[in-house]
Amino acid sequence: MNYPRVITLLALCAAISACDVSDTAMANGRITLKDNVVTLHADGAPDALVGSSGNLQIGDATVPVTPAQHGLLMLYFQNVNDVHQTGAEMGKVGAGIGVKALKDSFDGKSKAEQDQHAEAGAGQIKALARKMCQDLANVRNVQDQLAAQLSAFKPYADIMTGKYVADCEKD
């Protein structure tokens, strides 16, 4: 293993994760989370905003919803927020791996010890990556339910595609 390159990469991850980035983008930027609002960007339609309280605004108009639709919108927001939280946790783990690698290097740990620590960190990242894929699948599932039950949501029904979720699971 090329430790200088790995240490540099992990240190970069640590620096990036230390930034206070409060927004998340997924589905090629078509779903964003910023300031406790999910924004959906669909071709040929105005942006849709989903708040944490389950409110839906499309363009400048608030969309009236049934209690069931309201619950789905709250769940949609929570699932997008779960993606954000999992990503933040991945950043923290990556930063921890980078710090541990630097510390091990400076402390003169053996290659075997360094490899063991790196593999443990990689295991944590893999587990979080699986969770991220499940979080994305949850977003897709609720998106599909909303599109089936709320006609105003139909233009946003193809944002989180099955291919996007499948590609996550392949990686």
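Predicted, not measured: the structure shown is a model, and the values here were computed from it.

A.B. asks: Quick rundown of the overall build of the protein? Include the residues and the values.
C.D. replies: Scanning the protein from N- to C-terminus turns up four helices and six strands. Reading the protein from its N terminus to its C terminus gives the helix and strand order α-β-β-β-β-β-β-α-α-α. Here the protein holds 171 residues, and the buried ones make up 35% of them. Counting contacts in the protein only where the partners sit at least 6 residues apart, residues at least 24 apart contribute 62% of the total. Accessible surface, the protein as shown: approximately 9,500 Å² in total, 57% of it carbon and sulfur.

A.B. asks: I'd like to hear about the state of the cysteines, residue by residue, with values.
C.D. replies: Inspection of the entire model under this criterion finds one disulfide. Bridging Cys-133 to Cys-168, the disulfide has an S-S length of 2.0 Å. On the sign convention where negative is left-handed, the bridge of Cys-133 and Cys-168, at about -90 degrees about the S-S bond, is left-handed. A residue pair is termed long-range when its members are at least 10 positions apart, and Cys-133 in helix α3 (residues 111-149) and Cys-168 in helix α4 (residues 162-170) qualify at 35 residues. You can call Cys-133 buried: its relative accessible area is 7%.

A.B. asks: Quick one: what's the story with the pairing of strand β4 (residues 48-51), residue by residue and with numbers?
C.D. replies: The sheet contact formed by strand β3 (residues 37-40) and β4 spans four bridges and is antiparallel. Bridge assignment links Thr-39 to a residue of β4, and that residue is Leu-49. Pairing between β4 and strand β5 (residues 56-58): three bridges, direction antiparallel. Looking at β5, one finds that Leu-49 is bridged to Gln-57. The turn linking β4 back onto β5 is made up of four residues, and Gly-54 within it adopts a positive phi angle of 90 degrees.

A.B. asks: Just give me the short version of the side chain of Thr-86, but keep the residues and values in it.
C.D. replies: Positionally, Thr-86 belongs in helix α2 (residues 67-106). Given the relative accessible area of 3%, Thr-86 is considered buried. Reaching out from Thr-86, the side chain makes a polar contact with the side chain of Asp-135 at a distance of 2.6 Å.

A.B. asks: Residues and numbers for the packing of α3 against α4, please.
C.D. replies: Their axes nearest at 9 Å, the elements α3 and α4 cross at an angle of 170 degrees. Classified by the angle their axes make, α3 and α4 are roughly antiparallel. Contacts from Met-132, Cys-133, Leu-136, Ala-137 and Arg-140 of α3 reach α4 at Gly-162, Tyr-164, Val-165, Cys-168 and Glu-169. Along the lines of polarity and charge, the residues of the contact of α3 with α4 split into seven nonpolar, one polar and two charged.

A.B. asks: Mind laying out the nonpolar core, listing which residues take part and the relevant values?
C.D. replies: Judged by nonpolar contacts, the single largest core of 32 residues is most densely connected at Ile-31, Val-38, Leu-40 and Tyr-76. Sorting the residues of this core by element identifies β2 (31-34), β3, β4, β5, α2, α3 and α4 as the ones contributing at least two each. Examining the composition of this core, we find that seven residues originate from one element, α3, more than from any other. Apart from residues no more than four positions distant in its own chain, Tyr-76 is found in contact with Ile-31, Val-38, Leu-40, Val-50, Val-139, Val-142, Gln-143, Leu-146 and Phe-153.

How each quantity is defined
- Residue positions are counted from 1 within each chain, in the order its sequence is given.
- Two thresholds apply to this predicted model, a pLDDT of at least 70 for residue-level local features and 80 or more for giving and counting side-chain atom pairs, whereas whole-chain, interface and lining totals are computed over all residues.
- Each side-chain value is derived from all of the structure's non-hydrogen atoms; neither hydrogens nor water enter the calculation.
- Every helix listed is a DSSP run of H or I at least four residues long, and every strand listed is a run of E at least two residues long, numbered separately from the N terminus.
- For every residue, the accessible area obtained with a 1.4 Å probe (protein chains only) is divided by the maximum for its type, and the residue is called buried under 20%, exposed over 50%, and partly exposed between those limits.
- Residue contacts are defined here by distance: any two heavy atoms, one from each residue, within 4.5 Å place the two residues in contact.
- Method for areas: the Shrake-Rupley scheme with a 1.4 Å probe, in which residue coverage is limited to the protein chains shown.
- Criterion for a disulfide: a pair of cysteine sulfur atoms at a distance within 2.5 Å.
- The rule for pairing is simple: two strands pair if DSSP sees at least two bridges between them.
- Distance and chemistry together define a polar contact, namely a pair of N or O atoms within 3.5 Å, with one atom able to donate a hydrogen and the other to accept it when in protein, and with adjacent residues in sequence counting only for side-chain atoms on both sides.
- Angles shown run from 0 to 180 degrees and are taken between the N-to-C directions of axes, each axis being a line fitted to C-alpha atoms and, for helices, limited to the stretch in contact.
- The cut-offs work like this: below 35 degrees is roughly parallel, past 145 is roughly antiparallel, 65 to 115 is roughly perpendicular, and the gaps in between are oblique.
- Residues were grouped as follows: Ala, Val, Leu, Ile, Met, Phe, Trp, Tyr, Cys and Pro as nonpolar; Asp, Glu, Lys and Arg as charged; and all remaining residues, including Gly, as polar.
- Here, nonpolar core refers to any group of buried Ala, Val, Leu, Ile, Met, Phe, Trp, Tyr and Cys residues whose side-chain atoms link them within 4.5 Å.

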